[in-house]
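Letter by letter, the chains look like this.
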Amino acid sequence: MKKDIMICGVGGQGTVLASKIIAASAMDAGFTVHSAETIGMAQRGGPVTSHVRIGDDAFSPLIPVGGADLLIAFEPSEAVRNLKYLKKDGFVIVNTVPVKPTSLGSSEGSNGKAEIEFVKSKCRCLTVNSDELCAPFGSSKFFNVAVLGTAAGSGELGLSKEIICDEIVKIVPERFREKNMAAFAAGYKLGEENNANQ
Amino acid sequence: MSKKYVMGNGAIALGALSAGVNLVAGYPGTPSSEIIETVVRYPHEGTYAEWSVNEKAAMEVAAAAAYCGARAMVTMKQVGLNVASDPLMSLAYVGVKGGMVVVSADDPGPISSQTEQDTRRFAEFARIPVFDPSSPEEAFEMVQDAFEYSEKYRTPVILRPTTRVDHAYASIEAPDTFHAREYGGFVKDSKKWVIFPRLSYMNHAMIEKRNTEIGEDFSSYRFNTVSGSSAKAIAATGVSYAYAAEFLKAYPDIRLIKVGTPYPLPESFLLNALEGVSEVLCFEELSPYIEESLLKLIGKHHLNISIRGKLTGDVPPSGENDADSAGRIISRFLGLEYAESSIDCSGAPQPPARPPVLCAGCPHRASFYAVKRAMKGKKAYFCGDIGCYTLGNAMPLDMVDTCLCMGAGITMAQGFNHMDKDAVAISFTGDSTFFASGISGVVNAVYNAADMILCILDNSTTAMTGHQPHPGTGRNLMAAPVEKVSIEKLLIAAGVTKVITVDPLDLDASTAAVKECAGIKGVKAVIFKSPCVAIVKPDKKMRTDSGKCVGCMRCIREIGCPALSVSGGKAVIDGNLCTGCGLCSQLCKFGAIGGAEE
């Protein structure tokens, strides 16, 4: 398998854990993996990206423009910011809930609808509402694992449910495990429904 | 042995452990911090590791280990090497017995740094060898090679990774447990270990002769490579090589020269690699180091080769390279068509700017706000420093007028005070920064009778770089409980006139403390003490009462907390971000913000 997966969002949304789980799962499935993260000052509320490159011919840690097979966007405007990295026939999973930057001051900013419409008009796309998906778990912090479920269920990730669940067990601290597994299952179901619809 | 999926920094740690490193010391700094953290994560019998108080201390601790014949590694970010340059420059003359590797991580972009300085230049300046890995896998091997070369030539050597190598992940096959090497111990010899002008004169001559030999040795080093045979060649180093190699996969005939050891220049290797070449494009980050080295080389050997790169405007002078700039720049040089095959994003809604901000609930926000309130209507200079709290510069807080380098806030405030007696001179310094290089500034202030307020933002950790312990935390890297070094007692011992410790989340008490200090002559200090929100679990969250909120936006306009936003003309709080610090509720004049127990 050769697959370039980009995860984008805003610092603090948990994109790093999502990319770690994907990378570890792909390694367990026997593939060569390289990945890269945004770390440091930019993590504090800035735009963040993770690049996960599965397969033998990735020399560098960063996915080139137009190179990603799958873009998992934790935030609508970040999906737009990083859309250029997607292959023309690539797939996007995008959260419809915006994160408003403090630079907006007292103006309301975008509700994310225009961004979602733009992404939909440009590529194959599955939208996910993190508030709705994570409501049963009490916090949107579980979105990172839930959306991994969606990616796996949609068939676009190319990794099995079992392998990913094994990694969640290994990586996530025990006290959060149950909720994370439930979040993954909920996300998976959503992805699967979309997969069946295709 | 097992495969481990680790960051480039982890690969460097595993490489050093595999080389039997006896001592590792360093000071945290992005992108280098995870190296030392990884060293202590694996079973490592006989390896001593520490977070030193700053890079100079780390370099000196490591130098002594190397004098003992032990293998030592010292880690830092590139600007840390400036701090450690005093011992390093002298150590280069004195030399070592055991292998000593200085890891100085460069940060093209810069992504999390003050400068785009190039450690390769520092290596040349100090006349010591430098290794430049292009991937985590290579860094793992290079650090082990670096120990060998260090011992062979009895000199400290530098490993210079860059952010994209430090923070890239790859699988590394490495042992699961490690044992430090046996070492002989220090043998006293004052003619060798005590630096004197006469010794420096002799060693300088020896070093210049030796470096020519190292350049020859490097000419057969396995990470200096050439592929392809075209007359137009690409020369690349570090991660830029990886970008170039990936692009040139489709063009295997194009000559690609990789320089893994930029200094001392592997001249014979390069002369061979340049056989039949008419033009070279140097694809590198930070300074045009290889470009200038090749210009010298072709001048020295009267070669008719045109050298292109940053100096000719083919490669941008600043910022980092990436896969796309590699494609674009190399295509232009080779006369190839470069068509980006990506989705047409014209007409896209403009994504909002997201400058980094202090986290929701960060106690620094409250500290800055208290000082701002206390200084309202007064002329004041706010001298910031390096750490999360540099972010106090952002609107609406706007409380950082200057930021130069580690510890400069305290001393610069003194300079402002001497130049303008009508203003209040205030410095903001974090706890880790205070221990790293703030103390001497405090002594300078007392000694030279400055009139200033020191604000120590004590969140009990080194937050920006990933929550490393420091002398004030009561723990060290070996996880042993140790005596806490008290900032308060240090300040009192130095002769600071007034020291007040407050909880910054108590806005009125904090504001009063700053006002009190402003009314006293001399050097005063307010220690704002409250732990980083990333290391304590919040016990409540705040909520707005939409019935009471009149939409005045005072909370949003004044403090810029990322958990606060506007919806339907009223302030709302994001429960996923709020930590219940309560600063906003202390501001609200309508009692519309209250705490809800978790």
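Residues numbered from 1 in each chain as written. Chains lettered and ligands numbered in written order. Predicted model: local features only at pLDDT ≥ 70, side-chain atom pairs only at ≥ 80, totals over all residues. Heavy atoms only, no water.

Enquirer: Help me understand the overall build of chain B, please; the structure alone is not making it clear to me.
Expert: Helix and strand counts for chain B stand at 21 helices and 24 strands. The principal-axis extent of the C-alpha atoms belonging to chain B is close to 80 × 70 × 55 Å. Counting every position in chain B, which comprises 598 residues, the buried fraction comes to 59%. Across chain B, the fraction of contacts at a sequence separation of at least 24, relative to all contacts at a separation of at least 6, is 78%. Side-chain charges of chain B comprise 57 positive and 64 negative groups, with the mean position of each set lying 5 Å from the other. (Helix = DSSP H or I, 4+ residues; strand = E, 2+ residues; numbered from the N terminus. Buried < 20%, exposed > 50% of the residue type's maximum accessible area, 1.4 Å probe, protein only. Contact = heavy atoms within 4.5 Å. Lys, Arg positive; Asp, Glu negative; His and termini not counted. Charge placed at Lys NZ, Arg CZ, Asp CG, Glu CD.)

Enquirer: Teacher, can you tell me more about the side chain of Lys-258 of chain B here?
Expert: All names here are of chain B. In this structure, Lys-258 sits in strand β13 (residues 255–258). There is a polar contact of 2.6 Å between the side chain of Lys-258 and the side chain of Glu-138. Here Lys-258 is in contact with Ser-134, Glu-138, Phe-223, Asn-224, Thr-225, Ala-236, Tyr-241 and Phe-269, once residues within four sequence places are set aside. (Polar contact = N/O pair within 3.5 Å; in protein donor to acceptor, adjacent residues only side chain to side chain.)

Enquirer: Help me understand the nonpolar core, please; the structure alone is not making it clear to me.
Expert: It is characteristic of soluble globular proteins that their nonpolar side chains tend to be buried jointly. Residue and element names in this part refer to chain B. Counting residues in each nonpolar core, the largest one holds 62 residues, and the members touching the most others are Met-73, Phe-131, Ile-234, Phe-283 and Ile-330. Top element by residues in this core is helix α7 (residues 136–153). It accounts for eight residues. Looking at this core, you find at least three residues from each of domain 1 (2–218) and domain 2 (225–334). Residues in contact with Ile-234, not counting those within four places in the same chain, are Leu-248, Ile-254, Arg-255, Leu-256, Ile-257, Leu-281, Phe-283, Ile-330 and Phe-333. (Core = buried A, V, L, I, M, F, W, Y, C linked by side-chain atoms within 4.5 Å. Domains from an automatic or database assignment.)

Enquirer: I would appreciate a short explanation of the pairing of strand β1 (residues 3–10) of chain A in the present structure.
Expert: Residues and elements named next belong to chain A. Most of β1 sits inside the fold, with eight of its eight residues counted as buried. Neither face of β1 is open: one carries Lys-3, Ile-5, Ile-7 and Gly-9, the other Asp-4, Met-6, Cys-8 and Val-10, and all of them are buried. For β1 and strand β3 (residues 47–54), the ladder comprises eight bridges, and the chain directions are antiparallel. Across the sheet, Ile-7 pairs through a bridge with Ser-50, a residue of β3. (Pairing = 2+ DSSP bridges.)

Enquirer: Would you mind going over the packing of aromatic side chains with me for this structure?
Expert: Given two aromatic rings, their pairing is described by the distance between the two centres and the angle made by the two planes. In this structure the tally under the stated criterion is 22 aromatic pairs over all chains. With a centroid separation of 5.5 Å and an interplanar angle of 25 degrees, the aromatic rings of Tyr-5 of chain B and Tyr-169 of chain B are classed as stacked. Highlighted residues: Tyr-5 of chain B in strand β1 (residues 2–7) and Tyr-169 of chain B in strand β9 (residues 168–174), separated in sequence by 164 residues. Take Tyr-5 of chain B and Tyr-169 of chain B: they sit in the same class, and that class is buried. Clustering of aromatic rings is evident, with ring pairs tying together Phe-131, Tyr-149, Phe-218, Tyr-221 and Phe-223 of chain B. Its guanidinium or amino end placed over the ring of Tyr-188 of chain A, Lys-161 of chain A lies 4.4 Å from that ring's centre, counting from NZ or CZ. The aromatic ring of Tyr-241 of chain B is capped on one face by Lys-258 of chain B, whose charged end is 4.9 Å from the ring centroid. (Phe/Tyr/Trp six-rings, centres within 6.5 Å; stacked < 30°, edge-to-face > 60°. Lys NZ or Arg CZ within 6 Å of the ring centre and 35° of its normal.)

Enquirer: Would you mind going over the sheet that holds strand β19 (residues 498–502) of chain B with me for this structure?
Expert: Note on sheets: strands pair through backbone hydrogen bonds, and any given pair is parallel or antiparallel. Residue and element names in this part refer to chain B. Read from one edge of the open sheet, five strands run β16-β17-β18-β20-β19, paired in parallel fashion. Pairing within the sheet leaves two strands with one partner each, and these edge strands are β16 (380–383) and β19. Pairwise comparison of adjacent strand axes, ignoring direction, gives a mean angle of 20 degrees for this sheet. Sheet topology places strand β18 (residues 452–458) next to strand β20 (residues 523–529); seven bridges connect them, and they run parallel. Looking at the pairing, Ile-453 lines up with Lys-524 of β20. Along the sheet, helix α15 (residues 363–374) makes contact with β16, β17 (424–430), β18 and β20, crossing β18 at roughly 160 degrees. Sheet contacts for helix α16 (residues 408–419): β16, β17 and β18; angle to β17, the most-contacted strand, approximately 175 degrees. (Axes fitted to C-alpha atoms, helices over the stretch in contact; angles between N-to-C directions.)

Enquirer: Would you mind going over the interface of chain A and chain B with me for this structure?
Expert: For an interface, size is often stated in terms of accessible area lost upon the parts coming together. Contacts between the two partners involve 54 residues from chain A, matched on the other side by 55 residues from chain B. Applying the counting rule to chain A against chain B returns three salt bridges. Here Arg-53 of chain A and Glu-246 of chain B are joined by a salt bridge, their closest N and O atoms 2.8 Å apart. Applying the counting criterion to the chain A and chain B interface returns 17 residue pairs in polar contact (both at pLDDT 80 or more). Within the residue set of the side of chain A that touches chain B, elements represented by two or more residues are α1 (15–28), β2 (33–37), β3, α2 (76–82), β5 (86–95) and α3 (113–122) of chain A. Residue composition of the side of chain A that touches chain B, grouped by class: 23 nonpolar, 15 polar and 16 charged. Pairing between β2 of chain A and β9 of chain B: two bridges, direction antiparallel. Bridge pairing links Ser-35 of chain A to Tyr-169 of chain B in β9 of chain B. (Salt bridge = Lys/Arg side-chain N within 4 Å of Asp/Glu carboxyl O. Nonpolar A, V, L, I, M, F, W, Y, C, P; charged D, E, K, R; others polar.)

Enquirer: Just checking my understanding: could you explain the packing of α1 of chain A against helix α6 (residues 161–171) of chain A for this structure?
Expert: Helix-helix packing: each pair is described by the crossing angle between the helix axes and the interaxial distance. Residue and element names in this part refer to chain A. Their axes nearest at 9 Å, the elements α1 and α6 cross at an angle of 125 degrees. Judged by the angle between their axes, α1 and α6 are oblique. With respect to the hand of their crossing, α1 and α6 are arranged in right-handed fashion. For the pair α1 and α6, the contacting residues are Leu-17, Lys-20, Ile-21, Ala-24, Ser-25 and Asp-28 in the first and Ile-163, Ile-164, Glu-167, Ile-168, Lys-170 and Ile-171 in the second. Across the contact of α1 with α6, the residue classes tally to seven nonpolar, one polar and four charged. (Parallel < 35°, antiparallel > 145°, perpendicular 65-115°, else oblique. Left-handed = near helix turned anticlockwise from the far one by under 90°.)

Enquirer: Got a minute to help me understand the pattern of salt bridges in this structure?
Expert: Side chains that differ in sign of charge can pair as their charged atoms come close. All names here are of chain A. Counted by the stated rule, this structure contains 38 salt bridges over all chains. The closest approach of N and O atoms between Arg-53 and Asp-4, which form a salt bridge, is 3.1 Å. In this pair, Arg-53 is assigned in strand β3 and Asp-4 in strand β1, connecting sequence segments 49 residues apart. Classification of Asp-4 as buried rests on a relative accessible area of 4%.

Enquirer: Any chance you could explain the confidence of the model for chain A here in plain terms?
Expert: Regions with low pLDDT carry predicted coordinates that are not meant to be interpreted in detail. With 95% of its residues at a pLDDT of at least 70, chain A reaches an overall mean of 90. Per-element averaging of pLDDT across chain A places helix α7 (residues 174–197) of chain A at the bottom with 89 and strand β4 (residues 68–73) of chain A at the top with 97. (pLDDT = per-residue confidence, 0-100.)

Enquirer: Before we go on, may I ask you to explain the packing of helix α11 (residues 238–247) of chain B against helix α14 (residues 323–334) of chain B in this structure?
Expert: Residues and elements named next belong to chain B. Orientation of α11 relative to α14, taken along the N-to-C sense of each, is 65 degrees, at an axis distance of 9 Å. Once α11 is placed against α14, the crossing between them reads as right-handed. Between α11, through Tyr-243, Ala-244 and Phe-247, and α14, the contact on the second element is made entirely by Ala-323, Ala-326, Gly-327, Ile-330 and Ser-331.

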